[in-house]
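# Structure at a glance
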Amino acid sequence: KQEVTQIPAALSVPEGENLVLNCSFTDSAIYNLQWFRQDPGKGLTSLLLIQSSQREQTSGRLNASLDKSSGRSTLYIAASQPGDSATYLCAAPLGQGGKLIFGQGTELSVKP
Amino acid sequence: DAGITQSPRHKVTETGTPVTLRCHQTENHRYMYWYRQDPGHGLRLIHYSYGVKDTDKGEVSDGYSVSRSKTEDFLLTLESATSSQTSVYFCAIRPGGSDEKLFFGSGTQLSVL
C-alpha cells in the first residue's frame, strides 16, 4: 500500500533563503508525482507534476526532482519570499485513474 | 479555481440529518473526485467519477454516496451525518488522457453537531 510522508511538518526561514522540502513514498512503482500548494482556507493549486521518465521539472523559482529508486522527491524553492508562505503537499498516484494519495504537507513560513 | 464551484461553502448540520454537497465544473473534464481534509490525516479520497453515471469508491467511502448524472455536476451525499464527518470537503477535476494534473475547488467546511 502506498504511503506518502513529508518531513518536516513545519519550516520557518528568513526571506531570500533557498530551501528544500522533502517527500518520501513507499511504492516506487509510481508513474508520476505532483506537488501542490495550499493557502489557508483555500483549495490546492498544482505546482509541478513530474513524470516517472523525468528526473526534474522546473517552474520559475521552483524545481522538483523525483528519484524512484530511493522513493524520494524534493521541491526546491530558490530565493524564498514571504508570498511563498503556504502549506506544500506532495501526492503520488493511487492506482490508475488519477486517484492520489497525499502527504500531510509541510507548512512553510517565510519571514521578511 | 479552474472553473470549479463547490456549494455550499459552509454548512452546519445536526447528527442524523442528510447532507448533499455539490461540485460544479465548467471545464467539461471527464474525471471528478471528492476528498476530505482533516488535521492529522491529510487529504483522503472519498469517491471518484470517470464519467457520467460511472463512479467508484475511494479509501474512506463508508457513510458517503455520490451521483453524477451530468458531466458538470458531481454530488456527494452524507445519508445520515455523524460528528466524524465534520471536515473540509474538496472537489477536484482532471481532464483525462495524458493530462494528469488535478484542479481543486475552494472547499466546503462542514460541521456536524
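The sections below set out a description of the structure shown in this document. Being a predicted model, the structure only gives us computed values, none of them experimental.

### So, the environment of K1 of chain A
Residues and elements named next belong to chain A. As for its position among the elements, K1 is in the segment before β1 (4-7). Classification of K1 by relative accessible area gives exposed; the value is 84%. Separated by 25 residues in the primary sequence, K1 and T26 place their C-alpha atoms 7.8 Å from one another.

### Re the nonpolar core
Ranked by internal contacts, the top residues of the largest apolar core, which has 24 residues, are L33, W35, L75, I77 and Y88 of chain A. Looking at this core, the elements that each hand over two or more residues are β3 (19-25), β4 (32-38), β5 (44-51), β7 (62-67), β8 (72-77), β9 (86-93) and β11 (106-111) of chain A. In contact with Y88 of chain A, not counting residues within four places along its chain, are Q6, L21, F36, R37, L47, L75, I77, G105, T106 and L108 of chain A. In this structure, I46, F74, L76 and A81 of chain B belong to the second largest nonpolar core, which totals 19 residues.

### Quick look at the sheet that holds β3 of chain A
Residue and element names in this part refer to chain A. Strand order in this open sheet of five strands is β1-β3-β8-β7-β6, and the pairing throughout is antiparallel. The open sheet has two free edges, formed respectively by β1 and β6 (56-59), since each of these has just one partner strand. In this sheet, neighbouring strand axes are inclined to one another by 15° on average, regardless of whether the strands run parallel or antiparallel. Bridging between β6 and β7 involves four bridges; their strand directions are antiparallel. Paired with T58 across the two strands is N63, which belongs to β7.

### Describing the environment of L33 of chain A
Residues and elements named next belong to chain A. The topology assignment puts L33 in strand β4. Overall, L33 belongs to the buried group, its relative accessible area being 0%. Expressed as a C-alpha distance, the spacing of L33 and A91, which sit 58 residues apart in the sequence, is 5.9 Å. With residues up to four places along the chain from it excluded, the contact list for L33 reads C23, F25, L48, L49, I50, L66, S73, C90 and A91.

Cut-off values and rules
- In this numbering scheme, every chain counts its residues from 1 along its sequence in written order.
- Here chains are named by letter from A upward and ligands by number from 1 upward, in the order in which they appear as written.
- Since the coordinates come from a predicted model, pLDDT governs what is reported: local features require at least 70, and pairs of side-chain atoms require 80 or more to be given and counted, while whole-chain, interface and lining totals use all residues.
- Computation of side-chain values: all heavy atoms of the structure, hydrogens and water removed.
- Here a helix means four or more residues in a row that DSSP labels H or I, a strand means two or more in a row labelled E, and each is numbered from the N terminus.
- Partly exposed residues are those whose accessible area sits between 20% and 50% of the maximum for their type, while under 20% is buried and over 50% is exposed, using a 1.4 Å probe and protein chains only.
- Among buried residues, the Ala, Val, Leu, Ile, Met, Phe, Trp, Tyr and Cys ones that are joined through side-chain atoms within 4.5 Å form a nonpolar core.
- We call two residues in contact when some of their heavy atoms are within 4.5 Å.
- Should DSSP find at least two bridges between two strands, the strands are taken to pair.
- A fitted line through C-alpha atoms represents every axis, and for helices the fit uses only the stretch in contact; the resulting angles, taken between N-to-C directions, go from 0 to 180 degrees.

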